[in-house]
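For reference, the chains in residue letters:
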Amino acid sequence: MNISLQSLSVAYGSRVVLHPIDLCAQPGRVLGIVGPNGSGKSTLVKAVAGQVKASGQLLFNGSAQRPSGSIAYMPQDQLSLAALSVLEVVLLGRLQQLRLKVQPDDLAAVRQVLQRLGIEELAGRDVRELSGGQRQMVFLAQALVSQPKLLLLDEPISALDICHQLEVLEVVYQTTRQQMLTTLLVLHDLNAAARFCDDVVLLKDGQLLACGSPAQVLTVAHVAQAFGVETEALRCADGTGVLVPKRAVPKHINAMDDIARCAL
Ligand SMILES: Nc1ncnc2c1ncn2[C@@H]1O[C@H](COP(=O)(O)OP(=O)(O)OP(=O)(O)O)[C@@H](O)[C@H]1O
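Residues numbered from 1 in each chain as written. Predicted model: local features only at pLDDT ≥ 70, side-chain atom pairs only at ≥ 80, totals over all residues. Heavy atoms only, no water.

- Naming follows an unreviewed UniProt entry, where the chain appears as ABC transporter domain-containing protein of Rhodoferax fermentans.
- Word for word, the UniProt comment on the chain under Sequence similarities (unreviewed entry) is "Belongs to the ABC transporter superfamily." (UniProt positions renumbered as here; feature names shortened; annotations may be inferred.)

This is the structure we're talking about:
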């Protein structure tokens, strides 16, 4: 599904938190969304998911009509207070496909996605008793099992250890290609974005600071400008580029503070 944002903006009350933005996302590609806390990443994804009211144009394959049943959205915070098993929670992702009775193909799809994420042993567990990372994988499974055309993932690896981070991002990357999904992926890890995203959008203060390939966007200069962090760009033996954070330059430390500290 082709997604086109034309002058899309979002305000909470009178406060504009996403300034008019133009953007395209295409099938078979992962679009990474990065930026500092509060820069508008979640708001952008919520606007595409239809969770917040936006101004401007949002087109799905050229139409302003939001296609029902084709969009899976995994929010940043997922709390389940209902006493449901993992299998039941993931099955809820098939709501659009479910008939009066759960069909064998629904259960097969659930089992397959649990297996793909390596969490099939959790199937019978009460979702309220899982760890934060386990719960995050379960809600990712719920998003994937719906077989969406548009996959919206807001920080899906924030609670995962490094092994699970890599596994989940690999699954997202491969599934996007194999099923020709259009994937929007909010990440804080810039090196993960460089590795697993085809295109990257960098936001700052609700504005689009840069957009393009990871190599074009994730530069030392852009990271300094967006995050106020000094980084060093290194190249690994396999040719992969990585940004190593060196030093934060907090905005509240101004020249006067520096001078005062030197005087002590
Ligand atoms: N429901 C809301 N009502 C009012 N302001 C909001 C609301 N949700 C978010 N905001 C504000 O909008 C701005 C953008 O928030 P958003 O959650 O999109 O940022 P983010 O880039 O996803 O941040 P983070 O990395 O911390 O998750 C912030 O200043 C935030 O305080």
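Some details on the layout of surface pockets
Logical step 1: A volume near 400 Å³ is recorded for the largest pocket.
Logical step 2: If you trace the largest pocket, you find 19 residues lining it, with Ile71, Ala72, Tyr73, Gly93 and Ser146 closest to the centre.
Logical step 3: Mapped by element, the contributors of at least two residues to the lining of the largest pocket are strand 5 (71-74) and helix 4 (132-145).
Logical step 4: Classifying every residue of the lining of the largest pocket by side-chain character gives nine nonpolar, nine polar and one charged.
Logical step 5: Lining the second largest pocket are 17 residues, with Ala194, Leu218, Arg235, Gly241 and Val242 sitting closest to its centre.
Logical step 6: The set of elements that each furnish at least two residues to the lining of the second largest pocket consists of helix 6 (190-196), helix 7 (214-217), strand 10 (229-235) and strand 11 (241-248).
Logical step 7: For the lining of the second largest pocket, the element with the highest residue contribution is helix 6, accounting for four residues.
Logical step 8: Of the residues that constitute the lining of the second largest pocket, the class distribution is 10 nonpolar, five polar and two charged. (1 Å grid on protein atoms, 1.4 Å probe; cavity = no way out; pocket = protein on both sides within 12 Å on 5 of 7 lines; lining within 4 Å. Points joined across faces, edges and corners; volume = space filled by probe spheres on them. Helix = DSSP H or I, 4+ residues; strand = E, 2+ residues; numbered from the N terminus. Nonpolar A, V, L, I, M, F, W, Y, C, P; charged D, E, K, R; others polar.)

Here's the deal with the site of the ligand
Logical step 1: What surrounds the ligand is a group of 14 residues, the closest being Arg15, Gly38, Lys41, Ser42 and Thr43.
Logical step 2: A distance of 3.1 Å separates an oxygen atom of the ligand from a polar atom in the side chain of His188.
Logical step 3: Compared with its free state, where it exposes 640 Å², the ligand has 64% of that area covered by protein.
Logical step 4: With three residues, the single largest contributor to the shell around the ligand is helix 1 (residues 41-49). (Near = heavy atom within 4 Å. Polar contact = N/O pair within 3.5 Å; in protein donor to acceptor, adjacent residues only side chain to side chain. Areas by Shrake-Rupley, 256 points an atom, 1.4 Å probe, with all protein chains shown as cover.)

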